[in-house]
Amino acid sequence: MGVVRTIIFLLPNLMLLLLDPSFSYPLCTNSKAPVVSKTPLEFCQYNGSVCCNSTEVSRLQKQFLAMNISDQSCASLLKSILCARCDPFSAELFTITSTPRPVPLLCNSTVSSTSSQSNQASDNFCSIVWDTCQNVSILNSPFAPSLQGTGSPLNSNFTKLTEIYQSKSVFCNAFGGPSVSGSVCFDGEPVTLNTSAKAPTPPSGICLEKIGNGSYLNMAVHPDGSHRAFFANQMGKIWLATIPTVNSGGKLELDESAPFLDLTDEVYFDTEFGMMGIAFHTDFANNGRFFASFNCDKTKWPDCSGVCACNSNVNCDPSKLSPDNGAQPCQYQSVISEFTANGSAPQSSLAKSTKPTEVRRIFTMGLPFTAHHGGQILFGPTDGYLYFMMGDGGGDGDPYNFSQNKKSLLGKIMRLDVDTPPSAKAINDLGLWGNYSIPKGNPYVEDKELQPEIWAVGFRNPWRCSFDSERPSYFMCADVGQDLYEEVDIVTKGGNYGWRVYEGPYLFTPITSPGGNTSLISINPIFPVMGYNHSEVSKSSQGSASITGGYFYRSNTDPCMYGSYLYGDLYAGAIWAGIENPENSGNFTTTKVPFTCAQDSPIQCSFTPGTSQAALGYIFSFGEDNNKDIFILASSGVYRVVSPSRCNYKCSKENVTSVSSPSPTSSPPSLATRLSNSFSYLVIILFSSMMMFLPCLM
């Protein structure tokens, strides 16, 4: 976490240019985000961000020519179908129930009222394909039955659709489908979304109840689906707690004197160090496995010993680094350890405590500086792999450019397989940093320059990431800025999120670069979908800004909050709700939302003097329980988002009688337009003068 720093800055004559105002949250069939092609695509004429490069388009052209289609109208349709692999939504178009398709889902009905796709998709394109091509001979037809689910061309003779399918309805049952909420279909043209729909109304306020007095850094739900959750503090203790039912008046049931696990002897605790993350295996109820991410001091714990992240492989010499805050380079280490609850109770799910005996060391790495080492760990909800968030290692402006160095694990998000023990040969051949295997789909398969652990690059200090419980492809990560901007990113496979070429949407110029620089034209950065400038929150004496990532709100407790992405600032002066419109577009509008505490809160809250705003202290983290209710873990305690009427906030979707509570102060929406992603982004063209800022060291 960060120390309170005062930021003084001068930024006159700042000019922004908005490029390509279109939007889309896209995903390609290889799970990567689309990029802007550096050369025009001649055969598949997609503009802007695409999922194909010139080599892939050439392959599609050869496949098309090999079909030897004599009918020009049918040929035009088949060309568009093949080129749909270049569509920014190709992952959705070519996948159904997690199974790859040889052709995109062809629009086969009117557009649903809940669809985010434009009315163009109302054309019954599947019928058009059948009517046009049913009697046309196609060599190696992508519609051949043996191709369904393979995505590969079939060596066969010429075939007609009528020779394979008995009727149009049979054909369209196999290849057609509607555009409904959360999905798109292919209508012969690049997917476009409906921008005419009225944007959802931002919530009028966030009503909180305080259910605990403890200060925690991490919250992880119990995998058994119960009302229990694990809470961990920065010093190194984990507790198992029972969460009271919403609106019951109950408090968090947690015995501070009886932790589930005590690692305070192993954990090095200081402002920037401690227990940074906990994760419980999805099958914890049966196997008892769980993991802790923490920092240790190798001068105080013999088992705290790993390779220094500053080494010759990344053009860094630790002997040339000066001590940082009194610590030698790589004196402090980042560790992931595995523990077990087996043997603590008849069933692991019944365990209330366990011994601090390390079962397996998963990962150890020495930290060159004393800041920016992230540390959160999460299990992916669909792939079961362990995601590990790591900052750039510290130093003003990432001087060694670790975040862009593909051989460094600093400034990265990693994806590890902790279920498959690696062989000694794999550890040696791949240069692994611990006892884990590499998932087969990691980006290094396509980019041999990457360390195999890396899932995404270009982060300064990712602080609190989450998967949307309704749409797991929305992997949201907040990344702490340096001088100007705090950001929220949608993280995708192999994505480059810009730091230190960019700080959010702004070009960044490092002060020193002993580790070299990355050229602007050498990367395809993915820009933030949400965020805020430091000037929005750093006007008070508390000083610097530092983002804390949150969750998409998926509980029914506050129906007007549903679907909003909540995030805040460490210094607790602001919480934002990000609203996506259209749905699944990646286009967000953010509103700074007022928040207060219910008068009937189980534990009475404090308020900021002269206001009705709850005095939370520092917002360390957000949490989500098995009921999808959202929690704020603050220095002053544990808070839960509750029904808006309890704070007299208006919500037309809530049908209850409001109760007396402090009148919330109104706060006009602060529309922080989504600055950009690979489809729509802002870049700095000119800024004439800027004084140095003191860094935010969360």
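For the structure, check the block above.
Residues numbered from 1 in each chain as written. Predicted model: local features only at pLDDT ≥ 70, side-chain atom pairs only at ≥ 80, totals over all residues. Heavy atoms only, no water.

K.L.:
Please give an account of empty space enclosed by the protein that cites residues and values.
P.N.:
Considering all chains together, one arrives at 2 cavities of 30 Å³ or more under this definition. Quantified by volume, the second largest cavity comes out at close to 50 Å³. Surrounding the second largest cavity, Gly458, Arg460, Asp479, Val480, Gly481, Tyr485, Glu487, Tyr497, Trp499, Tyr502, Glu503 and Gly504 form its lining. For the lining of the second largest cavity, the secondary structure elements donating two or more residues are strand S26 (485-490) and strand S27 (502-503). (1 Å grid on protein atoms, 1.4 Å probe; cavity = no way out; pocket = protein on both sides within 12 Å on 5 of 7 lines; lining within 4 Å. Points joined across faces, edges and corners; volume = space filled by probe spheres on them. Helix = DSSP H or I, 4+ residues; strand = E, 2+ residues; numbered from the N terminus.)

K.L.:
So what about unusual backbone geometry? Which residues, and what values?
P.N.:
Cis peptide bonds are those with omega within 30 degrees of zero, and the linkage from Trp499 to Arg500 qualifies with 10 degrees. The residue Arg500 is located in the loop between S26 and S27 in this model. The omega torsion of the bond from Asn581 to Pro582 falls at -5 degrees, within 30 degrees of zero and hence cis. Although it is not a glycine, Asn68 adopts a positive phi angle of roughly 55 degrees. Notably, Asn140 is not glycine yet its phi reads approximately 55 degrees, a positive angle. Tracing the chain through its elements places Asn140 in the loop between strand S7 (138-139) and strand S8 (158-159). The buried category is assigned to Asn140, whose relative accessible area is 17%. (Buried < 20%, exposed > 50% of the residue type's maximum accessible area, 1.4 Å probe, protein only.)

K.L.:
Go over the nonpolar core, please, and point to the residues and values.
P.N.:
By size, the foremost hydrophobic cluster in this structure holds 45 residues, and its most contacted members are Ile69, Leu106, Phe143 and Phe171. Counting residues per element, the ones that place at least two in this core are helix H1 (54-66), helix H2 (72-83), strand S6 (106-107), helix H4 (125-133) and helix H6 (168-175). For this core, the leading source of residues is H2, giving 7 residues. For Phe143, the residues in contact, after removing those within four places along its chain, are Leu78, Ile81, Val103, Leu106, Val129, Leu161, Ile164, Tyr165, Phe171 and Phe175. Counting 39 residues, the second-largest nonpolar core is a separate cluster that includes Tyr332, Leu409, Ile438 and Tyr444. (Core = buried A, V, L, I, M, F, W, Y, C linked by side-chain atoms within 4.5 Å. Contact = heavy atoms within 4.5 Å.)

K.L.:
Describe the pattern of salt bridges, with residues and values.
P.N.:
Under the criterion given, the structure shown has 19 salt bridges. For the salt bridge of Glu358 with Arg361, the shortest nitrogen-to-oxygen distance reads 2.6 Å. Among the salt bridges present, the one from Asp468 reaches Arg554, with a minimum N-O distance of 2.9 Å. With Asp468 in the loop between strand S24 (462-467) and strand S25 (475-479) and Arg554 in the loop between strand S30 (547-552) and strand S31 (565-569), this pair connects stretches of sequence that are 86 residues apart. (Salt bridge = Lys/Arg side-chain N within 4 Å of Asp/Glu carboxyl O.)

K.L.:
Provide a residue-level description of the state of the cysteines, including the pertinent values.
P.N.:
Per the counting criterion, the structure on display carries 13 disulfides. The disulfide that involves Cys44 links it to Cys83, with 1.9 Å between the sulfurs. On the S-S bond that ties Cys44 to Cys83, the torsion sits near -70 degrees, and the link is left-handed. Here Cys44, found in the loop between strand S2 (35-36) and strand S3 (49-50), pairs with Cys83, found in helix H2; they are 39 residues apart in sequence, far enough to count as distant. Judged by its relative accessible area of 1%, Cys44 falls in the buried class. Between the sulfur atoms of Cys296 and its disulfide mate Cys304 the distance is 2.1 Å. Residues Cys296 and Cys304 share a disulfide whose torsion about the S-S bond is about 85 degrees; that sign makes it right-handed. (Disulfide = S-S within 2.5 Å.)

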